[in-house]
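Coordinate analysis (summary)
Next come the chains, spelled out residue by residue.
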Amino acid sequence: MTRFLHSFMDFLRLLGHETVNRVWRLGYGSRFFFAVLFRSGASLTRGRLILREIWFSGVLSLIIILISGLFVGLVLGLQGYEILQRFGSAGALGTMVALSLLRELGPVVAALLFASRAGSAITAEIGLMKATEQLKAMDMMAVDPVARVVAPRFWGGVISMPFLAALFSTMGIFGGWLIGVVFIGVDDGIFWSSMQASVDFRHDVWNGILKSFVFGVAVSQIAVFEGFDSEPTAEGVSRAITRTVVTSALAILALDFVLTSFMFRGIS
Amino acid sequence: MQAYRLLLLSGLHQLRKFTVDDHLVSIENLCFDYGGKPVLRGIDMHIPKGRVVAIMGGSGCGKTTLLRLIGGQLRPTSGQVKVAGEEVSALGLAELYALRRRMGMLFQFGALFTDLSVFDNVAFPLREHTDLPESMIRDLVLMKLQAVGLRGARDLMPSALSGGMARRVALARAVALDPALILYDEPFTGLDPISLGVIGHLIRRLNDALGATSIMVTHDVHESMQMVDYIYFISAGTIVAEGTPDEIRASRDPFVDQFVQAKADGPVPYHFPAPNIAADFGLTMDTGALA
C-alpha cells in the first residue's frame, strides 16, 4: 500500500514538475519574444542584415516551396475533378482549387515546409553559435546578440513567409490548371471565369496572406527561441531543432483553426 | 576666472583619481554560488595597470567563473568587482556595454564567427562600434593581422584555420578596439609547442605595446611563468597562494608545489570522495570470512 502511495506521489511530483517547467518556459519564451521586438530597432535600420536573412530563409526555400506547390496543385486538380464531375460541376474546378489553396493549403503547407526547411536551419545556426561561444564573444564585444543575430533572422522569416505562401498558392493554381484544363480538358474559360467570379480579394486572398503572416511570426519566433535557448552541446542543438519542427507544426495547425474560425465564420 | 579655476580643479581631480586609483581591476571579498553550491569564496585581488596577471588552478576550481564575473557575464552573490573604478554588477546594460568596449576577451577556442572571413572577423568590432570609412577599417584590420602574423590569411574562412591560427585571429579581433583590459580564457589549451610559444609571446607583446592590462586564466604553469608579472593560485574557490613567478618558484606551499611539479597526489586529492573501499567492494573486515 505504501509502495503504491509512494509511486503515486512520485507521479504527482513529476506531473507538477513538468507543468511548472512548461509554464516557466512559455513565460520565458514570451519575454524573449518581446525582447526581440524591442531590440529590433538596430537591425531594422540596417537593411543589409535582414536582406541576408531573407536570402537564406526565403530565397533558398523557393525551390521546395515552388515544387511542393506545383504537386499539391496537380493532386488538387485530379481529386477535385474526380469529385466535382460526380455532381456534374466540373466547371467549378477553378473555384475549388483557388479557394482551397488561398484560404488553407497555401498558408498552412507553405508554413509547414518553411518550418522544416528554414526554421530548423535558423535553430541550428543560432544553437551552434551558442555552443561555440560565438554569442558570448559577441556579447563581450558589447554587441547585443539578440539585436545582431536573433532579430534579423526573426524579421527575415516574418517577411519571407507571406511571399512564400503566395508563391505556393500561385504554383498550386497553375498545377490545378495544368491537370484540369491541359490534361483532362475542362474548359479554359470556365476554369478562370468561375475562379474570378467566386474569389474575393479581401475575403480570400487577403485573409490567406494575413494567416501566412501570423504563421511567419510563430515559426520564426519558435525557431530563434529554440536556438537561443538550446543547450550548448551537440545533443542539445539536435533536440532544439526537433522541438522547432514539432512545436512549429502544432502551432501552425492550432493557429490555423483559430484564425479560420474568426475569418470564415458564417460565410455562405 | 571663476570658470577657469573650476575647470582647473576638476582637471586636477581627474588627474588625482587617475594616479591614486591605479588598480584597473579590484576585487573585494567576492563570493559566487552556482545552484546553491559555493564556487568562489572571499576572493580579493588588486590588479595594477599595465600588468599581465595569471590566475591558475585545476579544472573546475572557479577560475573561468572569476573571469566571467570580471567581464560582467555573471553577477556575484556578494562582494564586488570593480573595473576602471566602476562596479561591474551595478551597471545597466548600456553602461556595461560601454565598459566592455574597453575590454577584449579571447575565448578558449577563439569563438570566431564561422560565417565571416578572417578579415571580417577582425573588422567586426570596428564596424559595429565605429563609423570609420571602409578604407580605414581595412588599414586597421591589416595592422592587427600583421601584429599576429596572419596578414596573408585575411581571406580564409575560420574553418580553414588551424587551432593556433584561429587563436591568433581571435586575439587580433580581441584587440581590434585597442582595449584597456584583455581577458584570456585558457589561451594555451590544445596548442602545439610552437603555437603555444607564439601565443605566449603575443600576449606579452600586445599587452606592452597597447599599454593594456591582461588577466589570463590558465593551467599551463611553465609557459605562464615565463611571461606573467604576477600569479594567483585558486583552489576550491579561494586564493591559496600568490606572488611573482620567482616567489612562486621559491614557494614551499604544498598546493603550489603539487601544481608546479605536477604531482598526482597532495592537497588536491587524487581520489574523488568515495565511500570506504572495503565496504564498496562488499568485503567485510571479518577475517574469518576470508579464511
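Structural data are supplied above this passage.
This text gives an overview of the structure that appears in the document. Throughout, a residue's number is its position along its own chain's written sequence, starting from 1. Each chain takes a letter, starting from A, and each ligand takes a number, starting from 1, following the order in which they are written. Given that this is a predicted model, residues contribute local features only at a pLDDT of at least 70 and side-chain atom pairs are listed and counted only at 80 or more, while totals for whole chains, interfaces and linings are drawn from all residues. Values reported for side chains reflect all heavy atoms of the structure, with hydrogen atoms and water molecules removed beforehand.

1. Regarding the interface of chain B and chain A
Applicable threshold: Only heavy atoms matter for contacts: two residues are in contact if any of them lie within 4.5 Å across the pair. As a working definition, buried area equals the accessible area (1.4 Å probe) given up by two parts on being put together, with both sides summed. Think of a salt bridge as a Lys or Arg side-chain nitrogen and an Asp or Glu carboxyl oxygen that are within 4 Å of each other. Secondary structure counts use DSSP, requiring at least four H or I residues in a row for a helix and at least two E residues in a row for a strand, with both numbered from the N terminus.
Contacts between chain B and chain A engage 21 residues on the former and 18 residues on the latter. Between chain B and chain A the total buried area reaches about 1,800 Å² when both faces are included, carbon and sulfur atoms providing 58% of it. On the surface where chain B and chain A come into contact, there are five salt bridges. A salt bridge links Arg 46 of chain A to Glu 128 of chain B; the nearest nitrogen and oxygen atoms lie 3.1 Å apart. Mapped onto the side of chain B that touches chain A, the elements with two or more residues apiece are α2 (63-71), α3 (93-100), β6 (103-106) and α4 (118-129) of chain B. Looking at the side of chain B that touches chain A element by element, the count peaks at four residues for α4 of chain B.

2. Considering helix α6 (residues 163-174) of chain B
Heads up, the condition is: One less than the residue count of a helix, multiplied by 1.5 Å, gives the span that helix is expected to have. Any residue under 20% of the maximum accessible area for its type is buried, any over 50% is exposed, and the rest in between are partly exposed; the area is computed with a 1.4 Å probe on protein chains only.
Here α6 of chain B spans 16 Å end to end across twelve residues, near enough to the 16 Å set by a 1.5 Å rise per residue. Burial within α6 of chain B is extensive, with ten of its twelve residues counted as buried. Buried within α6 of chain B we find Gly 164, Ala 166, Arg 167, Arg 168, Val 169, Ala 170, Leu 171, Ala 172, Arg 173 and Ala 174 of chain B. Here the buried face of α6 of chain B lies against α6 (134-140) of chain A together with β6, α4, α5 (134-147), β7 (181-185) and α7 (193-210) of chain B.

3. Observations regarding the packing of aromatic side chains
Residues and elements named next belong to chain A. Our working rule: Centres within 6.5 Å make a pair out of two Phe, Tyr or Trp rings, where for Trp the six-membered ring is used; the pair is then stacked when the planes are under 30 degrees apart, edge-to-face when over 60, and tilted otherwise.
Counted under the stated rule, the structure contains twelve aromatic pairs over all chains. With centroids separated by 5.1 Å and ring planes inclined at 85°, the aromatic side chains of Phe 191 and Trp 192 adopt a geometry described as edge-to-face. Look at Phe 191 and you get buried, because its relative accessible area is 0%. Since its relative accessible area comes to 38%, Trp 192 is described here as partly exposed.

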